[in-house]
Every structure is written in structure tokens, then in C-alpha cells.
Amino acid sequence: MNIYKKRNIVDSIREQGSLPTDQFGQVLSPDDLLVWFGLNECLTRAEQYIIKVELAAMVDTELAMDKLKHYKALQGGD
């Protein structure tokens, strides 16, 4: 996959803010995110795999940041 294409896709998703969640407040899976953003329609299977890896990293990061915010709140921080 073209590195610029990958970077622009990831940047575009990041610019939208938090990742979408399901009805229970859980961040969608990389497969579901691929569909949510319509990337399953415009990327080859090989490109979809690469973006799913990036989406998985984004999900992991967002979950970690949420835990950190929760921990700080319990500690009396902002």
C-alpha cells in the first residue's frame, strides 16, 4: 500500500475525534470500523488488511487513554 494513502486514511480517521462505539459504548472492532468508514468499498483486500492493523492500534490506544483518564479521575485529577 502506498505510504501516503495509508497516512491520509489514518489521519482522516483521527481528525474525526473518538472512534465510533456500539450501543454499549464499546469501540467498534477493526472489521466494523473498516465498514463504518466505507473503506471496505474502496480498498483492495491487501490494503484492507493493512488498514485493519492500523485501526487495531488506534482502538488499543483509545482504550488505553480512556483507562488513563479514568485512573486520573479516581486519583482526583482533571
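A brief report on the enclosed structure follows. (Residues numbered from 1 in each chain as written. Predicted model: local features only at pLDDT ≥ 70, side-chain atom pairs only at ≥ 80, totals over all residues. Heavy atoms only, no water.)

Right, let's get into a nonpolar patch on the surface. On the surface, Met-65, Leu-68 and Tyr-71 cluster together into a nonpolar patch covering about 300 Å² of accessible area. In this fold, Met-65 is placed in helix α4 (residues 45-74). (Patch = residues over 30% accessible without salt bridge, like charges linked within 9 Å, V, L, I, M, F, W, Y side chains within 5 Å. Areas by Shrake-Rupley, 256 points an atom, 1.4 Å probe, with all protein chains shown as cover. Salt bridge = Lys/Arg side-chain N within 4 Å of Asp/Glu carboxyl O. Helix = DSSP H or I, 4+ residues; strand = E, 2+ residues; numbered from the N terminus.)

One full turn of an α-helix is made of 3.6 residues, so residues set three or four places apart face in the same direction. Between the first and last C-alpha of helix α1 (residues 3-15) there are 18 Å, a value that for 13 residues agrees with the 18 Å anticipated at 1.5 Å per step. Along α1, the positions that sit buried rather than exposed are Ile-9, Val-10 and Ile-13. The buried residues of α1 occupy an angular sector of 90 degrees when the element is viewed end-on, so they sit on one face. For α1, the exposed residues set more than 90 degrees away from the buried face come down to Tyr-4, Asn-8, Arg-14 and Glu-15. Buried residues along α1 sit against α3 (39-42) and α4. Looking at where α1 begins, the residue whose side-chain oxygen comes 2.7 Å from the main-chain nitrogen of Tyr-4 is Asn-2. Two residues or fewer past α1, Gly-17 is found with a positive phi of approximately 95 degrees. (Expected span 1.5 Å × (residues − 1). Buried < 20%, exposed > 50% of the residue type's maximum accessible area, 1.4 Å probe, protein only. Arc of directions from axis to C-beta. Contact = heavy atoms within 4.5 Å. Polar contact = N/O pair within 3.5 Å; in protein donor to acceptor, adjacent residues only side chain to side chain.)

Further remarks concern the packing of α1 against α4. Look at α1 against α4: their axes get within 11 Å of each other, and the N-to-C directions meet at 40 degrees. Relative to α4, α1 is oriented oblique. Classified by chirality, the crossing of α4 by α1 is right-handed. Residues Lys-5, Lys-6, Ile-9, Val-10, Ile-13 and Arg-14 of α1 pack against Glu-47, Ile-50, Ile-51, Glu-54, Leu-55 and Met-58 of α4. Taken together, the residues that form the contact of α1 with α4 break down as seven nonpolar, no polar and five charged. (Axes fitted to C-alpha atoms, helices over the stretch in contact; angles between N-to-C directions. Parallel < 35°, antiparallel > 145°, perpendicular 65-115°, else oblique. Left-handed = near helix turned anticlockwise from the far one by under 90°. Nonpolar A, V, L, I, M, F, W, Y, C, P; charged D, E, K, R; others polar.)

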